[in-house]
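Here is how the chains run, residue by residue.
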Amino acid sequence: MVSDRHRRLDRPLKLAVGPKTATALEKLGPTTTGGLLRYYPRRYGDRGKLTTLRDLGVGEHVTVIAQVAGSSVRAMRNKRGAILTATITDGRDRLTLTFFGKSAGTLSFHERRLRPGITGMFTGTVGEYRGTLQLTHPDYEPFEDLDEEFAAVQKVDWPVPIYPAGASIPSWRIATAVQTVLTAQGPQDVPEPLPAAYREEHGLVGVLQALHWLHEPHSMGDVRRAQDRMKHEEAFVLQTALAQRRAAMRSRPTMARPLRMGGIREAFEARLPFELTAGQREVGAVVADEISEPVPMQRLLQGEVGSGKTVVALRAMLQVVDTGGQAALLAPTEVLAQQHLRTITALLGPLAEAGMLGGAEHATRVTLLTGSLSAPARRKALAAAASGEAGIVIGTHALLSENVQLADLGLVVIDEQHRFGVEQRDALRAKADGTPHLLVMTATPIPRTVAMTSFGDLETSTLSELPAGRAGIETVVVPAGKPAWVERAWQRIREEVDGGGRAYVVCPRITATETEQGEEEMAEDADLLDDLPFTEDLIATGGLPDAAPRASGPPRPPLASVEEVAALLRQVPALDGVTIGEMHGQLPTDAKDAAMAAFASGAAPVLVSTTVIEVGVDVPAATVMVILDADRFGLSQLHQLRGRIGRGTKPGVCLAVTTAQKDSRAMARVQAFAGTTDGFRLAELDLQMRKEGDVLGAAQAGRGSSLRLLSVTKDVEIITAARAGARALVERDPALATEPDLAEVLDASIDEETAEFLQRF
Ligand code: ADP
Ligand code: MG
């Protein structure tokens, strides 16, 4: 809702700039006057030097002031289309202007504006055609009178805003429309979402000033100050929405789940087969404290793959069970849910056997709820959840379904958050009477700014160390062009398998006929997620590498596929007698389970797979990973893949096979991957190597998003400042009564755009 005060920004463009221009602009995005004002120039040109016609040099970018001597339109001789030629003069010399159009009609606009006798300012690059100097498609501004001419001379060194334009409307016409709208705005017309104190503290100009400077700057300094202010505004509005979300959650009633001595948690700790790392203890204490309070915990736990997040979560779950409550663990895939069930049941031992022979005192039950359960198994699981008999319920998105009821849900744990959206988070929490505590876990290291933007309503904890005794992973780049090296890779697998190890061989494709990795692979991943609304999270997948290196080098061989590579490995002498398994997203669920089980048990110690093993799979005996066509994967994705090995006490070896050319960007990425096992470092590198639009997801690129200028990767300081400012404001004034303009902007924009944005993560 927009108050009457700012009604003017709500005006349909048709009424403000005329129907034809409005229709053309609407194709580019803006539909209202306010939208148009926020349609910022993509860059700024300069007019070059103001020069006389006598001094023109071919290739120079120039601006001249001259009078139109004459113009004519004719059809082109050899091609379809028409050409407009105009001659301009300063009284002494002459210059030709040329415009090409689809037909004479499309040129009539210029013809009307370039009437003989009109004086104007013309900007373009000097070209030469048959010995005559000319400007092709110059930017120009005809003057109505001497005052305008005088003003134009003054404006000559102002930056020229260049708008993202379309076929139906050129940049200069957008500029004219923006000016029409902008000059009509007074200070009361444009809402100022930034609190005065915040602007003062950070030296930011007011919103109207910033709009003027963005659309008609007198210098690049103006542009920078205006952009700075607008970035702060974008960050502040988003952070206020997040702060409100956080505050709203915190104000909901929640049951405190204080630590109880002598219960299942204590019994579990007594039987842990390892020492907790310092990080696990620290984070564990923070979590234990938070769920002891009657305020819902909202915490993001990020930690390297293998850093032991599950144990942290399990201790929290048991604390809740000790208070008579239940905990739900939501996993993104069936494979992961199954694995969590196995791990957690194993860790709990008799503590998971309540009511069974040999079950321990304080024991509870762990129940699995996924889409592929048989009807009777499903009924049993539903009953155990609803009666409260199961203290821990593990599942996929099937947990979110309406007929799943929990007796007393006290804690929701979400593993690998990037696969879920805010909506799913909330759907599960809605199953409790109060608001359950929330722990979100992700193995994808999220750079701080992205975390602050996408998880701004959560507090963040990080497990940065790996449990002691991990022998580490060595990564080697293997050029595919060296058969001896590749042979050696298979040999290496043989050695590991003989020593009781397991090996993954990762391929970008499933079959030979499949087109290159891209939509298919994405779709395949989505498939595995059991129809979860798959947020195409490029942070996680690392995006697709660019095709640049292929343009230069020799034609590249087709990408490795699971089927072909598995067939090949069955022929390789080095692997004689070793059973080779296959795994990809298009296998039915039970085939996937069987493949994983055979791999885990050692029945098929070599698993040829697509990236479906990327997330969370834990087979401690896996020590080798060969990644074929490693350059086809993003850095974060490579890191996730590599995290599948070296999880036990034996050192891991990762062989990154690539056809990328020496010195190519693709090779640089593979080498960066081999150079460090620090996930945070790789995530930062990954961000730097990709474009902003990719980071925010496709919906954020170009289209009318609320983040137009702010870069979540670069504007660390602005995001930090805005977050502090927004949180302080919301704490002081949750309803934003003192900042009506901010409230108004939030209501108007955050709803559709930011909500959508937030759900992408
Ligand atoms: P992730 O953080 O990637 O989810 P997991 O929780 O799956 O990692 O833990 C990886 C492996 O490390 C598991 O086999 C787990 O039992 C083991 N582990 C967890 N904490 C410790 C520890 N403190 N010491 C030794 N091993 C540990
Ligand atoms: Mg995990």
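Residues numbered from 1 in each chain as written. Chains lettered and ligands numbered in written order. Predicted model: local features only at pLDDT ≥ 70, side-chain atom pairs only at ≥ 80, totals over all residues. Heavy atoms only, no water.

Asker: Can you explain the packing of helix 8 (residues 207–215) against helix 9 (residues 220–250)? Please cite residues and give values.
Answerer: Between helix 8 and helix 9, the least distance of the axes is 8 Å, while the angle of their chain directions is 130°. With respect to helix 9, the axis of helix 8 lies oblique. Two packed elements cross with a definite hand, and for helix 8 against helix 9 that hand is left-handed. Facing helix 8, whose interface residues are Val 207, Ala 210, Leu 211, Trp 213 and Leu 214, helix 9 presents Asp 222, Val 223, Arg 225, Ala 226, Gln 227, Arg 229, Met 230 and Glu 233. The residue inventory of the contact of helix 8 with helix 9, partitioned by class, reads eight nonpolar, one polar and four charged. (Axes fitted to C-alpha atoms, helices over the stretch in contact; angles between N-to-C directions. Helix = DSSP H or I, 4+ residues; strand = E, 2+ residues; numbered from the N terminus. Parallel < 35°, antiparallel > 145°, perpendicular 65-115°, else oblique. Left-handed = near helix turned anticlockwise from the far one by under 90°. Contact = heavy atoms within 4.5 Å. Nonpolar A, V, L, I, M, F, W, Y, C, P; charged D, E, K, R; others polar.)

Asker: How would you explain the nonpolar core if you had to name every residue and give the values?
Answerer: Counting residues in each nonpolar core, the largest one holds 37 residues, and the members touching the most others are Leu 314, Met 317, Ile 344, Leu 348, Ile 392, Leu 411 and Leu 439. Tallying contributions element by element places helix 12 (residues 309–322) first for this core, with nine residues. Every residue in contact with Leu 314, bar those within four places of it in the chain, is listed here: Phe 268, Ile 344, Leu 347, Leu 348 and Ile 392. One finds Val 619, Ala 622, Leu 641 and Leu 685 within the second-largest nonpolar core, a separate group that totals 32 residues. (Core = buried A, V, L, I, M, F, W, Y, C linked by side-chain atoms within 4.5 Å. Buried < 20%, exposed > 50% of the residue type's maximum accessible area, 1.4 Å probe, protein only.)

Asker: How would you explain the environment of Thr 31 if you had to name every residue and give the values?
Answerer: With respect to the secondary-structure elements, Thr 31 resides in the loop between helix 2 (19–28) and helix 3 (33–37). Sequence-wise, Thr 31 and Pro 12 are 19 residues apart; in three dimensions their C-alpha atoms are separated by 6.0 Å. When neighbours within four sequence positions are excluded, Thr 31 is seen to be in contact with Arg 11, Pro 12, Leu 13 and Glu 26.

Asker: How would you sum up the environment of Ala 503? Please name residues and give values.
Answerer: Mapped onto the elements, Ala 503 comes out in strand 18 (residues 502–506). The class for Ala 503 is buried, based on a relative accessible area of 0%. With 13 residues separating them in the primary sequence, Ala 503 and Trp 490 have C-alpha atoms 9.9 Å apart. Setting aside anything within four residues of it in sequence, one finds Ala 503 in contact with Ile 493, Phe 599, Pro 605, Val 606, Leu 607 and Val 624.

Asker: Before we move on, could you go through a negative patch on the surface and cite the residues and values that matter?
Answerer: A grouping of Glu 141, Glu 144, Asp 145, Asp 147 and Glu 148 is seen on the molecular surface, where their side chains present a negatively charged patch. By secondary structure assignment, the location of Glu 148 is in helix 5 (residues 146–155). The class of Glu 148 is partly exposed, set by a relative accessible area of 33%. (Patch = residues over 30% accessible without salt bridge, like charges linked within 9 Å, V, L, I, M, F, W, Y side chains within 5 Å. Areas by Shrake-Rupley, 256 points an atom, 1.4 Å probe, with all protein chains shown as cover. Salt bridge = Lys/Arg side-chain N within 4 Å of Asp/Glu carboxyl O. Lys, Arg positive; Asp, Glu negative; His and termini not counted. Charge placed at Lys NZ, Arg CZ, Asp CG, Glu CD.)

Asker: I'd like to hear about the confidence of the model for the protein chain, residue by residue, with values.
Answerer: In the predicted model, the protein chain carries a mean pLDDT of 82, and 85% of its residues have values of at least 70. Here helix 19 (residues 538–541) stands out as the least confident element of the protein chain, with mean pLDDT 24; helix 7 (residues 196–202) is the most confident, with 97. A low-confidence stretch, residues 516–555 stays under pLDDT 50, and its non-local contacts, those more than four residues away or across chains, total 91 contacts. Residue range residues 691–705 is modelled with pLDDT below 50. Its contacts to residues more than four positions away, or to other chains, number 27 contacts. (pLDDT = per-residue confidence, 0-100.)

Asker: Got a sec to walk through the sheet that holds strand 22 (residues 652–658)? Specific residues and values, please.
Answerer: Taken in spatial order, the six strands make up an open sheet running 17-22-21-18-20-19, and their pairing is parallel. Two strands lie at the open edges of the sheet, namely strand 17 (473–479) and strand 19 (580–583), each paired on one side alone. When strand polarity is set aside, the average angle formed by the axes of neighbouring strands in this sheet is 20°. The pairing of strand 18 with strand 21 (residues 622–627) spans five bridges and is parallel. Paired with Tyr 504 across the two strands is Met 625, which belongs to strand 21. Seen against the sheet, helix 21 (residues 562–571) touches strand 18, strand 19 and strand 20 (606–609) and runs at an angle of roughly 175° to strand 19. (Pairing = 2+ DSSP bridges.)

Asker: Talk me through unusual backbone geometry; I want residue IDs and the actual numbers.
Answerer: The backbone of His 137 sits at a positive phi, close to 45°, despite the residue not being glycine. Mapped onto the elements of the fold, His 137 is located in the loop between strand 7 (132–136) and strand 8 (139–142). We classify His 137 as partly exposed; its relative accessible area is 42%. For His 362, which is not glycine, the phi dihedral falls at a positive 65°. Mapping His 362 onto the fold places it in the loop between helix 13 (334–348) and strand 12 (365–369). For His 362, a relative accessible area of 32% puts it in the partly exposed group.

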